[in-house]
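Summary of structural features
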Amino acid sequence: MTATSTTTGGTSATGNTSAVAATRNAVAVNPVLRVAPASPAAAAAYFGASLAFHADVSDVAAALAAGGDPGFVVLDSRSTESWDQGHVPGAIHLPTALIPEQAEQLLDRAVPVVTYCWGPGCNGATRAALALAELGFQVKEMLGGFEYWAREGFEFETWEGHERRPADPLTAPVGAEDCGC
């Protein structure tokens, strides 16, 4: 942990201007703080907006497991081959390229849609969410995609039936109901 000092008119509260200059120089070369953090108000606006656009797999799984109508539908935007390898139970399969021609027949505009694709290294869910939003649907993207759904140990369907893998301890807490976030 690095000590910090406050400055008053260019001199630190302790009177050590060289320590302040050294701290400023260290911050200037620090890749994390090379660009200063946003103000708290700007950060609150950004992160609040981000939550309006994203849901994580744990939250989606909890809402689906609660029973009843979760208030949204889940849409898998991947290819048929990917869908057959595994998908979220109850998801609607609609590859991104088919959204413009089929979304109206498969989805209700009054029900929000949560899109997913393979995982964090894929922007297919983002493209699907954009296509749906352009058609007038309320939409969120499921962060982590199918990869994190499976890695967190949630049940999924394949062309052979239901499967569940053990939770990856790097993505989900072992022996706990949720991660606490």
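First, a word on scope: everything that follows refers to the structure included in this document. Bear in mind that the values here come from a model prediction, so they are computed numbers and not experimental data.

Moving on, we get to the overall build of the protein chain. Secondary structure assignment for the protein chain yields 7 helices and 9 strands. Buried positions account for 29% of the 181 residues belonging to the protein chain. Pairs at least 24 apart in sequence give 58% of the contacts found in the protein chain among residues at least 6 apart. With the model as given, the accessible surface of the protein chain reaches about 11200 Å², and the carbon-plus-sulfur share is 58%.

Looking now at the packing of aromatic side chains. For the structure shown, the criterion picks out 4 aromatic pairs. Considering the side-chain rings of Trp 118 and Phe 146, the 6.1 Å spacing of their centres and the 75 degrees angle between planes classify their relative orientation as edge-to-face. Taken together, the positions of Trp 118 in the loop between strand 6 (113–116) and helix 6 (124–134) and Phe 146 in helix 7 (residues 145–151) put the pair 28 residues apart, joining distant regions of the chain. Looking at Trp 118, the relative accessible area reads 34%, which means it is partly exposed. With 5.3 Å between their ring centres and 85 degrees between their planes, Phe 146 and Phe 156 make a pair best called edge-to-face. Taken together, the residues Phe 146 in helix 7 and Phe 156 in strand 8 (residues 156–158) connect sequence positions 10 residues apart. Judged by relative accessible area, Phe 146 falls into the buried class, the value being 6%. An aromatic cluster of three or more residues is present, and its members are Trp 118, Phe 146 and Phe 156. The ring of Phe 146 is capped by Arg 78, whose NZ or CZ atom sits 4.8 Å from the centre of that ring.

With respect to the helices and strands, the residue His 54 is situated in strand 3 (residues 54–56). Taking the relative accessible area as the measure of exposure, His 54 reaches 24% and is therefore partly exposed. A C-alpha to C-alpha distance of 9.9 Å links His 54 and Thr 126, two positions 72 residues apart in sequence. Apart from the residues lying within four places of it in its own chain, the contact partners of His 54 are Lys 140, Glu 141 and Leu 143.

Our focus in this paragraph is the nonpolar core. Grouped together as the largest cluster of nonpolar side chains are 16 residues, with contacts concentrated most on Val 60, Val 74, Val 88, Tyr 116, Met 142 and Trp 149. Of all the secondary structure elements, the ones that give two or more residues to this core are helix 3 (57–65), strand 6 and helix 7. Setting aside chain neighbours within four positions, we find Val 74 in contact with Val 60, Leu 64, Val 88, Ala 91, Ile 92, Val 114 and Tyr 116. In this structure, Leu 94, Val 113, Ala 131 and Leu 132 belong to the second largest nonpolar core, which totals 12 residues.

How each quantity is defined
Residues numbered from 1 in each chain as written. Predicted model: local features only at pLDDT ≥ 70, side-chain atom pairs only at ≥ 80, totals over all residues. Heavy atoms only, no water. Helix = DSSP H or I, 4+ residues; strand = E, 2+ residues; numbered from the N terminus. Buried < 20%, exposed > 50% of the residue type's maximum accessible area, 1.4 Å probe, protein only. Contact = heavy atoms within 4.5 Å. Areas by Shrake-Rupley, 256 points an atom, 1.4 Å probe, with all protein chains shown as cover. Phe/Tyr/Trp six-rings, centres within 6.5 Å; stacked < 30°, edge-to-face > 60°. Lys NZ or Arg CZ within 6 Å of the ring centre and 35° of its normal. Core = buried A, V, L, I, M, F, W, Y, C linked by side-chain atoms within 4.5 Å.

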